[in-house]
Amino acid sequence: MLETHRDSELRLLARRSPSGGGRKRTARLCLIAILSLLPGAGMVSTMLAQGEKDISREYKDTCDRLMCQCGCNEQLSVCAMQNCSSATPMRAEIRERLLKGDSVEAIVQSFVARYGPKVLSAPTMKGFDITAWIMPFLILCLGTVVVVWIVARMVRPLAADAPPSAALDPRIERELKDFEEES
Amino acid sequence: MSEFGNFCLLLALVLSVYALIAAIVGAVSRQHRVVRSAERAAIAACVSITLATASMLYLLITGDFSVSHVATSTNRDLPIFYKIAALWGAHDGSLLLWVFVTSIFSGAVIYQNRYRYRDMMPWVVAVLMVNLAFFLSLNFFLSNPFNQLVQINADGTMQKFLPADGRGLNPLLQYWAMVIHPPILYLGFIGFVVPFAFAAAALITRQLGDAWIRTTRRWTLLTWLFLGVGLILGAKWAYVVLGWGGYWGWDPVENSSLMPWLIATAFLHSVIIQERKGMLKVWNMILVTLSYLLGVFGTFITRSGVVSSVHTFADSPLGTYFILYMTLVAAASLFLILDRLPYLKTERPLDSVLSRESAFLFNNLILVVACFAVLWGTMFPVLSEWLRGAKITVGPPFFNAVNIPIGMFLLFLTGVGPLFAWRKTSLESLKKAFFWPVVLSAAACVALLAGGMRNFYSVICLTLCVFVTVTIMEEFYRATRIRAKSNGENFLVALVGLTLKNKRRYGGYVVHFGIVLIFIGLTGNAFNREVDQALAVGEEMEIGDYTLKMTDYKEGETPTYLYGMPVLEAYKNGKLLRTMKPEKRFYKTAEQQSTTEVSLYSTPKEDLYTVYIGRSADNRRFEIKAHVNPLVWWIWFGSAVMVFGTFITLLPDRKGAFTTPRLSPGRSAALEESLKAR
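Residues numbered from 1 in each chain as written. Chains lettered and ligands numbered in written order. Predicted model: local features only at pLDDT ≥ 70, side-chain atom pairs only at ≥ 80, totals over all residues. Heavy atoms only, no water.

1. Re the overall build of chain A
No. 1: Helix and strand counts for chain A come out as eight helices and zero strands.
No. 2: Scanning chain A from its N terminus toward the C terminus, one meets helices and strands in the order α-α-α-α-α-α-α-α.
No. 3: Here chain A holds 183 residues, and the buried ones make up 36% of them.
No. 4: Put simply, 50% of the contacts in chain A that link residues at least 6 apart link residues at least 24 apart.
No. 5: Of the roughly 10,500 Å² of accessible surface on chain A, a fraction of 63% belongs to carbon and sulfur atoms. (Helix = DSSP H or I, 4+ residues; strand = E, 2+ residues; numbered from the N terminus. Buried < 20%, exposed > 50% of the residue type's maximum accessible area, 1.4 Å probe, protein only. Contact = heavy atoms within 4.5 Å. Areas by Shrake-Rupley, 256 points an atom, 1.4 Å probe, with all protein chains shown as cover.)

2. Section: the pattern of salt bridges
No. 1: Inspection of every chain in the model, using the stated rule, returns 20 salt bridges over all chains.
No. 2: Where Glu93(A) meets Arg97(A), a salt bridge forms, and the shortest distance between an N and an O atom there is 3.6 Å. Of this pair, Glu93(A) and Arg97(A) are both found in helix α5 (residues 87–100), four residues apart, which corresponds to roughly one turn of the helix.
No. 3: A relative accessible area of 17% means that Arg97(A) is categorised as buried.
No. 4: A salt bridge links Glu539(B) to Arg621(B), with the nearest nitrogen and oxygen atoms 2.4 Å apart. Placement of the pair is Glu539(B) in the loop between β3 (529–535) and β4 (540–543) and Arg621(B) in the loop between β11 (606–615) and β12 (622–630), with a sequence separation of 82 residues.
No. 5: The partly exposed category is assigned to Glu539(B), whose relative accessible area is 27%.
No. 6: Taking relative accessible area as the criterion, Arg621(B) reaches 30% and is therefore assigned partly exposed.
No. 7: Residues participating in the shared-partner salt-bridge network are Glu93(A), Arg97(A), Asp102(A) and Arg114(A). (Salt bridge = Lys/Arg side-chain N within 4 Å of Asp/Glu carboxyl O.)

3. Topic: the side chain of Ser68(B)
No. 1: Within the secondary structure, Ser68(B) is located in helix α3 (residues 68–73).
No. 2: Look past the residues within four positions of Ser68(B) in its chain and what remains in contact with it is Asp92(B), Asn147(B), Gln148(B) and Leu149(B).

4. Points about the pairing of strand β8 (residues 583–587) of chain B
Residue and element names in this part refer to chain B.
No. 1: Of all five residues in β8, four are buried, a share of seventy percent or more.
No. 2: In the sheet, strand β6 (residues 561–572) pairs with β8 via four bridges, with the strands oriented antiparallel. Each bridged residue has a counterpart across the sheet, and for glycine 564 the counterpart in β8 is lysine 584.
No. 3: Here β8 runs beside strand β9 (residues 594–597); their pairing, made up of four bridges, is antiparallel. Its bridge partner lying in β9, glutamate 583 is registered against glutamate 597. (Pairing = 2+ DSSP bridges.)

5. Topic: the sheet that holds strand β10 (residues 599–602) of chain B
Residue and element names in this part refer to chain B.
No. 1: Read across the open sheet, the four strands follow the order β3-β12-β11-β10; overall the sheet is antiparallel. Across the chains shown, the open sheet's two edge strands, defined by having one partner strand only, are β3 and β10. Within this sheet the neighbouring strands show an average axis-to-axis angle of 15°, counted without direction.
No. 2: Pairing of β3 with β12 involves seven bridges; the strand directions are antiparallel. Residue pairing across strands places glutamine 533 opposite isoleucine 624, the latter belonging to β12. (Axes fitted to C-alpha atoms, helices over the stretch in contact; angles between N-to-C directions.)

6. Considering a nonpolar patch on the surface
All names here are of chain B.
No. 1: On the surface, a nonpolar cluster with roughly 850 Å² of combined accessible area is contributed by Met1, Phe4, Phe7, Leu11, Ile43, Val47, Leu51, Tyr58 and Tyr111.
No. 2: Sorting the residues of the nonpolar patch by element identifies α1 (2–29) and α2 (32–62) as the ones contributing at least two each.
No. 3: For the nonpolar patch, the leading source of residues is α2, giving four residues.
No. 4: With relative accessibility at 31%, the residue isoleucine 43 sits in the partly exposed group. (Patch = residues over 30% accessible without salt bridge, like charges linked within 9 Å, V, L, I, M, F, W, Y side chains within 5 Å.)

7. Some thoughts on the confidence of the model for chain B
Residue and element names in this part refer to chain B.
No. 1: Scored by pLDDT, chain B comes out at a mean of 87, with 94% of its residues at no less than 70.
No. 2: Taken element by element, the predicted model of chain B shows its lowest mean pLDDT in helix α20 (residues 665–677) (53) and its highest in helix α19 (residues 633–650) (95).
No. 3: Low pLDDT, under 50, characterises residues 656–663; the predicted model gives this stretch 13 contacts beyond four residues in sequence or across chains.
No. 4: Two numbers describe this predicted complex: its pTM, 0.84, and its ipTM, 0.82. (pLDDT = per-residue confidence, 0-100.)

8. Comments concerning the packing of helix α18 (residues 503–523) of chain B against α19(B)
All names here are of chain B.
No. 1: For the pair α18 and α19, interaxial distance at closest approach is 7 Å and the crossing angle is 170°. Comparing the axis directions of α18 and α19 gives the class roughly antiparallel.
No. 2: For the contact of α18 with α19, the per-class residue count stands at 15 nonpolar, nine polar and two charged. (Parallel < 35°, antiparallel > 145°, perpendicular 65-115°, else oblique. Nonpolar A, V, L, I, M, F, W, Y, C, P; charged D, E, K, R; others polar.)

9. Some points on helix α5 (residues 91–112) of chain B
No. 1: Under the 1.5 Å per step criterion, the end-to-end length of α5(B) is 31 Å for 22 residues, consistent within 8% with the ideal 32 Å.
No. 2: The buried fraction of α5(B) amounts to 17 of the 22 residues, a majority that puts the element mostly inside the structure. (Expected span 1.5 Å × (residues − 1).)

Okay, structure coming up:
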């Protein structure tokens, strides 16, 4: 069996790698470093907490799920037309109903009842529309099966994987190193 | 001048058809002189189209409003910079630009290979000319930018019509990124014709070794780069000009640019396996054909009016011709691939399932599935209307729901790929390779959760970003350390030396790092906030840590538009950051279209993004929409890193490497003589 470049490279590295204790110490240091390098996590979570106090998140969700009906072909959250004949009253109604305590789903369904399914910004999970959601993942599953089948078919028979003799090892290692550097 | 431009277009069409026929005749009859004639005709077509484009630019700059394209896309007050950009500001002119770029690419390829690949080149010329002749026919017969305006008199006679002024360029296009975005995107779309032409020629001549791949690798990479830069510029334009606070809306036209980019990314990866192992030959043929067809599909989407989009040109009669052309190209390619299957056999088997080759195969699968998901979502409304008569919308919620998990998987594979060795990886070495990436990404995950982040995809994405970054750093660190030790160099010199010696590999890692940074930027999208409020002068509004105080309101006029501009002072924790001046413009065109000019305070942490919507209903207040968009800066920075990495991979190799033997003019003449003698 041919030893790969990575194996030889790792063995080279292993000769010079720090002791087990040193490695653990380095791991701890890296852990501390990465924890301190992620202030964004705190920042983002603070923002999340602030967002939950008001209706802004639900308002945005609702506006994202609905299309403006003025003909701009944009989501309600995107239509930037001032005093838009469709977006402005729809947004006002959404804000009012969210403040009253209506759920996002109830508001969305009331707009569907008024304008039909074209008001939704994504296909529903019913009837023919469900194919929109299923197909990409179906293709992913089928593709995975095909790739696994191809890989299994292309893999060299095990008999060919005999380990190399000790005498050949340094030469193979050198050639593999050259091969890797060439790439 | 319009007659001259029209004549040049017609001449180019005739020359390209001649070049097509002569190339095929020359190749079949092996008459080298005829092939040379075809090549010269193709270059003459390129010159002719250049002259047509130059005459259109002259008409635009001098403002000859008797020409319909000039009248519909410029006006007298338009600055010269935008008059030039008006070439692609409307459908007819943009098709002329398309034809111009196509002809330049074709001419460059023919000139570059005038002494190389003499068996393949006639067929390369033929394919390039089929492509050019198709677009030229559309441009000349159906969408001619040199058409003149006429008015029909009461007695039925027609006479030339010269309006006093033009309608002007669409105000949305009057932004620097939008001026360079279409040409760069076109370079990306059109460039795929070159690898496709070589692939087709290789199939026809049965020369299915690595030659066509080696010669088109840089073309593909450059095309991929152009398309990527075009996508980023489009995103920047959407962010800064459209004023809705986002940069990617999964619009059908945006999607049609993303699809060939995804397939080309798959091709750039799988082609490495063909070069190294002689595997995936059929797959590469399919990918290169798909890249080209998706480029044509992109312009079909933009020009046919089959889907609604802010970017599409008005409905045009071109759709049917595009469908016919794409069908013929797909059928011909499929026939050639099937017919040449015996020549496309894998040369060597795979050594192990645990190998980088396998990782590349899965990477290809994910990229192709991502492309399919985008295509499916883009065309589903058309399919739904066709099958059920019910038009539905497939918008961002669908694309995000489907593509985010696929993107996460792709990011994971970007990290995993380098951890596998070529040919075979032992479980022991895998354990060692995975140690640091897993430890550090797990630590990052814990840090994010401890910091209170609960958005599932954001946590996963940032964790994977750390994972991929560590694998990339590990790759650089290990190899640099070995090189530094063996050559006695310091670490930095060894790092530069290593990168320059293995430009393709380490440039690729830099591109991957750029992608990681872009993903970090995309993650911020989950935490965007916005506040919409009407302010009077002296009033304040709050968003996050920021306070916006309106201190003034200005109105004014330029030769092309009127504007209103609230002046806002942005404070953070009581400290003045900057004065922000979002604008609303009303253009003095026939449609009196309005645009928003965003005012932005951008930092790596977040963007404070303000838009002036307009006066409130009582006319005493000014409606301001403010957004806080975290981490967007990283998208632009990551894109720059990606471009830098691509440039590294494009740097010339050592003399002689990756080039095919080039015949000297003397040898070429001798060869021509011997071919003539046959």
